Amino acid sequence: MRIGSAEEEWREDCAPRRTLELFATKWTSMVLHTLHVRHAGVARTGVLLRSLPGISKKMLTQTLREMAESGLITRHVHGTIPPAVEYALTPLGRRFVEPVELLYAWGRDNADALDQLRPRPTSRR
């Protein structure tokens, strides 16, 4: 299907913008990657927190909540004392892991190009 004008192609609800919106928080792709690569798609909150150096507990909780609301992961509370919360990739989440892994592989293969980037003022590099 071909859309008529360039303006229509880049409207607010176009696929590229919706894709970028999904990854607007810096941790979404890292959580997807970590769940997929390090934990076979399922992990508890504490395990994820230890697997993602640099993320705060608050930011992880917020990111997981947003990812669950968007359908990328499920949240399961086990009836133990204290309650154990487990997150798992949904079929939709597994679909979104694919482009994340391609992008991360590109980054590993092109580390020299990344090293040439000038750091942003907010960068921790």
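Residues numbered from 1 in each chain as written. Predicted model: local features only at pLDDT ≥ 70, side-chain atom pairs only at ≥ 80, totals over all residues. Heavy atoms only, no water.

Named according to an unreviewed UniProt entry, the chain is Helix-turn-helix domain-containing protein originating from Sphingomonas molluscorum.

Undergrad: Help me understand the sheet that holds strand β2 (residues 73–78) in this model?
TA: Strands belonging to one sheet form pairs held by backbone hydrogen bonds; the direction of such a pair is parallel or antiparallel. Spatially, the 3 strands line up as an open sheet ordered β1-β3-β2, and their pairing is antiparallel. Whereas interior strands pair on both sides, the edge strands pair on one side only; in this sheet they are β1 (42–44) and β2. With strand direction ignored, the average angle separating the axes of adjacent strands in the sheet is 25°. Both β1 and strand β3 (residues 84–89) contribute to a ladder of 3 bridges, which runs antiparallel. Bridging across to β3, Val-42 finds its partner in Ala-88. (Pairing = 2+ DSSP bridges. Helix = DSSP H or I, 4+ residues; strand = E, 2+ residues; numbered from the N terminus. Axes fitted to C-alpha atoms, helices over the stretch in contact; angles between N-to-C directions.)

Undergrad: What is the right way to look at the nonpolar core in this model?
TA: Formed by 20 residues in total, the largest nonpolar core has its most connected members in Val-31, Leu-32, Leu-35, Leu-48, Leu-60, Leu-64 and Ile-73. Among the secondary structure elements, those contributing two or more residues to this core are α3 (28–39), α5 (57–70), β3 and α6 (91–109). Apart from the residues within four sequence positions on either side, Leu-35 is in contact with Ala-40, Gly-41, Val-42, Ala-43, Leu-48, Ile-73, Tyr-87 and Leu-89. (Core = buried A, V, L, I, M, F, W, Y, C linked by side-chain atoms within 4.5 Å. Buried < 20%, exposed > 50% of the residue type's maximum accessible area, 1.4 Å probe, protein only. Contact = heavy atoms within 4.5 Å.)

Undergrad: Explain a nonpolar patch on the surface to me, please; I cannot follow it from the model alone.
TA: A cluster of nonpolar side chains, namely Trp-106, Leu-114 and Leu-117, defines an oily patch on the protein surface of about 300 Å² accessible area. Looking at the element boundaries, Trp-106 is found in helix α6. (Patch = residues over 30% accessible without salt bridge, like charges linked within 9 Å, V, L, I, M, F, W, Y side chains within 5 Å. Areas by Shrake-Rupley, 256 points an atom, 1.4 Å probe, with all protein chains shown as cover. Salt bridge = Lys/Arg side-chain N within 4 Å of Asp/Glu carboxyl O.)

Undergrad: Please clarify how the packing of α3 against α6 should be interpreted in this entry.
TA: What describes two packed helices is the angle between their axes and the distance between those same axes. At a closest axis distance of 9 Å, the pairing of α3 and α6 adopts a crossing angle of 100°. Here α3 is positioned roughly perpendicular relative to α6, judged by the angle of their axes. Listed contacts from α6 to Ser-29, Met-30, Leu-32, His-33, His-36 and Val-37 of α3 are Gly-93, Phe-96, Val-97, Val-100, Glu-101 and Tyr-104. Broken down by class, the residue content of the contact of α3 with α6 amounts to 7 nonpolar, 4 polar and 1 charged. (Parallel < 35°, antiparallel > 145°, perpendicular 65-115°, else oblique. Nonpolar A, V, L, I, M, F, W, Y, C, P; charged D, E, K, R; others polar.)

Undergrad: Please explain unusual backbone geometry as it appears in this structure.
TA: Keep in mind that most residues, glycine aside, have a negative phi and that most peptide bonds are trans. Ile-81 connects to Pro-82 through a cis peptide bond whose omega is -10°. Position of Pro-82 relative to the elements: it lies in the loop between β2 and β3. Notably, Ala-40 is not glycine yet its phi reads approximately 50°, a positive angle. Examined against the element boundaries, Ala-40 turns out to sit in the loop between α3 and β1.

Undergrad: Got a minute to help me understand the UniProt feature "domain: HTH hxlR-type" (unreviewed entry) in the chain in this structure?
TA: In the numbering used here, UniProt assigns the "domain: HTH hxlR-type" (unreviewed entry) feature to residues 14–115. The span residues 14–115 is 64% helical and 15% strand by assignment, and the distance between its end C-alpha atoms comes to 32 Å. (UniProt positions renumbered as here; feature names shortened; annotations may be inferred.)

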